[in-house]
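Architecture at a glance
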Amino acid sequence: MSEPIKKVVIVGGGTAGWMTAASLARYADGKELNITLIESSTIGTVGVGEATIPNIVDFNRNLGIDEVELIKATQASFKLGIQFENWANIDSQFFHPFSDYGVKINNIDFHHYINKLKNSGKDVDIQDYCFPAALANHGKFAQPHPNPSTPLADYQYAYHFDAGLYANFLADFSLKLGVRRIDAFVKQVNKDDNNGFIKSVTLDNGEIIEGDLFIDCSGFKGLLIEEALETGYEDWSHWLICDKALAVQTELSGEPTPYTRSIAKANGWQWRIPLQHRMGNGYIYSSKFESDEAAEQVLLSSIEGKPINKVRRFSFKAGRRKQVWNKNCVAVGLSSGFLEPLESTSISLIQSVISKLLNFFPDKSFNQFDIDEVNRLHNSEVEHVRDFLILHYKLSQRTDSIFWQHCQAMEVPETLHHKMNLFESRGHIIERENESFEPASWLTMYNAFGVTPKRYDSRVDNMPLDVIEKNLQQMKQSIEQAALQANSHQVFIDQHCKAQADI
Ligand SMILES: Cc1cc2nc3c(=O)[nH]c(=O)nc-3n(C[C@H](O)[C@H](O)[C@H](O)COP(=O)(O)OP(=O)(O)OC[C@H]3O[C@@H](n4cnc5c(N)ncnc54)[C@H](O)[C@@H]3O)c2cc1C
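Residues numbered from 1 in each chain as written. Predicted model: local features only at pLDDT ≥ 70, side-chain atom pairs only at ≥ 80, totals over all residues.

1. Observations concerning the site of the ligand
- For the ligand, the set of nearby residues contains 38 residues, the closest of which are G12, G14, G49, G219 and G333.
- Looking at the shell around the ligand element by element, the count peaks at 3 residues for helix α1 (residues 15-28).
- Of the residues belonging to the shell around the ligand, the class tally is 19 nonpolar, 17 polar and 2 charged.
- Lining the shell around the ligand are residues from two domains, each supplying at least three of them: domain 1 (7-50 + 162-236 + 318-366) and domain 3 (244-313). (Near = placed C-beta within 6 Å. Helix = DSSP H or I, 4+ residues; strand = E, 2+ residues; numbered from the N terminus. Nonpolar A, V, L, I, M, F, W, Y, C, P; charged D, E, K, R; others polar. Domains from an automatic or database assignment.)

Below, the structure written as C-alpha cells:
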C-alpha cells in the first residue's frame, strides 16, 4: 500500500483557502496530517463573493458550526432566491427561488397543469405556487416548516454574508483545529525534475515549505495550477461576454431584502446584496460594449445609500481551468476558473471541489484514475452551470442595445441547445449528472422568459379543467396566507440572530 499524504500546503487565504483549510482540518481529525496555509496580507483577497446558494448551509453544518453564531459573526442576512429585474424586458421582473413549484398531482409534475391552463387561455403565473416567492414578495422570512409533506416545507435558503468576516471566522475555526498559518509571499514554486510534481514553495523570507499535496487557492492567476504547472484554460468568453466588474459598498437604506437583486442594464447587470450592516453593490459588464468610465457612472447613478468605500475594479475571462486537479495540485476557487456571479455559484463550486477532494483523497501514489474522475465530474458540473447562465442572456427579449442583440443572436453550446429544444417541444426538463440547478430553476427561467412548451403531459387531461383550477386556487390561497402570517425578514433577524452593529 502506498504511503499516506502527511503534508498539505494551501496557497491563498481568501474564501477558497479558508473553506479548504477548515474542511481539511475536520477531515484530518485523528490522522497524521499537517496543514499549512500561506497567504499574503500585502496582496489581499477578492472578497466580494457575498451571495450564496443553499448548499452553504450544509457546508457549515457539516463542519459543526453553529448557524446563529456564524450569522452574527458575518453580519449575514437570509436569501430565499434572486429577484431578476429588467431581464426578459425592461420593466419586467421575476423571482428565482430555491424551491420547486406547487406539488405533483397524480404523480405528474405540477408545471404540466400550468401549461394546460395556459394553453386553454387562462391567466396563470407559476410564481403564485411557490411559498418562498410569496415570502420574498412581502419582504418576509421563515425557515422551512418541519412537516415535510406541505409546500411550506419544500424550499431551502442561503445567506448573504460579509466575505471578509466569513474568511476570518473560518480562519479562527481552522487555527483552533491545528492549521498553521503563514503570512508571506510565495515567490517561487519548486518542481521535481523527474515527474513535474510540486515539491515546495519558496517564501519571500527565504523559508521553503515542502508538501505532498498542494492546494492552489491563489485567485485568478493560479500561481500553482497555471503559472507552475501550465494546465491550460478553456475560454468561454464568446458565450459569457461580460469580462469586467465594479464593486462598492453602501450604507443600508431600509430593511434588508430576503433575496439578492439582479438588475439588467444596457450592457450588463447590477447586483445588490443586503447584509445586516451594509449593502454590497456591483456592476458586471462587457468591455466590448461599455467603457470603464461609463460603467462607473451606471453603477454610481443607481446605488441607494451613501458609499462607504471606494469603487473596486475586477477583470476576468469566463471559463475554466482544463483540469482542476493536475499532478499533486488541486485548484480551488478562482484559480480553477470563473463564471460571473449571476447565480452566485462560485462559492458553491468551491464546496464542490473540496467535497470531491475529500471523497477521492489521495495517497502519495496519486492514482491517475481518481484524478481523472474528479476532473470529469468537475468539468461536467461547471459546464451545466455555464449553460444555465448562458440561458439568461440567450432568452432575453431586450433589443435596446447591441449587447442584448448580440446575446440573442449568439450560438449556444450544443448541450444547452438540446435542453431548450426538449422543453419547447413537450415541457421536458433534462436532469444531467452533477447539475447544480434543479428542474425548478430551469422552469423558472423558461417561464420568466416566455418559453411555453407546445405540448404538455397528456395524462393531465384525465382531470377536468375546472377541478384543476379549483385545486390550484386553493394552493395559491394557502401559500399567500402562510406568507402573510410570517415575520418580516428584519424581525426574524432581530429575534433570532441579530449581529452587533460595530463588527
Ligand atoms: C466581481 C465578483 C463578484 C463575485 N460575487 C460572488 C457571489 O456573489 N457569490 C459567489 O459565490 N462568488 C462570487 N464571486 C466569486 C468569489 O469572490 C470567489 O469565488 C471567492 O472570493 C474565492 O476567491 P479565492 O479565495 O479563490 O481568491 P482570492 O480572494 O483572490 O484569494 C487569493 C488568496 O491568495 C493569496 N495569494 C495570491 N498570490 C499569493 C502569493 N504569491 N503568495 C502568497 N499568497 C498569495 C492572496 O493573499 C489571497 O489570500 C465573485 C467574484 C467577483 C470577481
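Once the structure has been displayed, the description carries forward.
2. Considering the nonpolar core
- In terms of nonpolar packing, the biggest core is built from 135 residues, with V11 and L224 touching the most fellow members.
- The greatest single-element share of this core, amounting to 8 residues, is contributed by helix α10 (residues 368-395). (Core = buried A, V, L, I, M, F, W, Y, C linked by C-beta atoms within 7 Å. Buried ≥ 20, exposed ≤ 12 C-beta atoms within 10 Å, placed from the backbone.)

3. A few points about the domain arrangement of the chain
- Partitioning the chain into structural domains gives domain 1 (7-50 + 162-236 + 318-366), domain 2 (101-157 + 387-489) and domain 3 (244-313).
- The C-alpha centroid of domain 2 is placed 38 Å from the C-alpha centroid of domain 1.
- Taken together, the contact between domain 1 and domain 2 spans 6 residues of the former and 4 residues of the latter.
- Residues of the side of domain 1 that touches domain 2, tallied by class, amount to 2 nonpolar, 2 polar and 2 charged. (Contact = placed C-beta atoms within 7 Å.)

4. Re the sheet that holds strand β17 (residues 312-315)
- Strand order across the open sheet formed by 7 strands is β5-β4-β14-β15-β16-β13-β17, with mixed pairing between neighbours. This sheet does not close on itself; its edge strands, each paired only once, are β5 (93-97) and β17. Each strand of the sheet is rotated relative to its neighbour by a mean of 20°, with strand direction disregarded.
- Pairing of strand β4 (residues 81-85) with β5 involves 5 bridges; the strand directions are antiparallel. Each bridged residue has a counterpart across the sheet, and for F84 the counterpart in β5 is F94. (Pairing = 2+ DSSP bridges. Axes fitted to C-alpha atoms, helices over the stretch in contact; angles between N-to-C directions.)

5. Side note on the packing of helix α9 (residues 346-359) against α10
- Axis separation between α9 and α10 bottoms out at 10 Å; the angle between their running directions is 160°. The orientation of α9 with respect to α10, classified from their angle, is roughly antiparallel. Considering only the axes of α9 and α10, their crossing is right-handed. Here L349, S352, V353 and K356 of α9 lie close against α10, whose contacting residues are V374, L377, H378, E381 and V382.
- Split into classes, the residues belonging to the contact of α9 with α10 amount to 5 nonpolar, 2 polar and 2 charged. (Parallel < 35°, antiparallel > 145°, perpendicular 65-115°, else oblique. Left-handed = near helix turned anticlockwise from the far one by under 90°.)

6. Structural notes on the packing of α1 against helix α6 (residues 163-176)
- For the pair α1 and α6, interaxial distance at closest approach is 9 Å and the crossing angle is 25°. In terms of axis orientation, α1 runs roughly parallel to α6. As α1 runs across α6, the sense of the crossing is left-handed. Along the contact surface, α1 presents T15, W18, M19, A21, A22 and A25, while α6 presents A163, Y166, A167, L170, A171, F173 and S174.
- Residue classes in the contact of α1 with α6 are distributed as 11 nonpolar, 2 polar and no charged.

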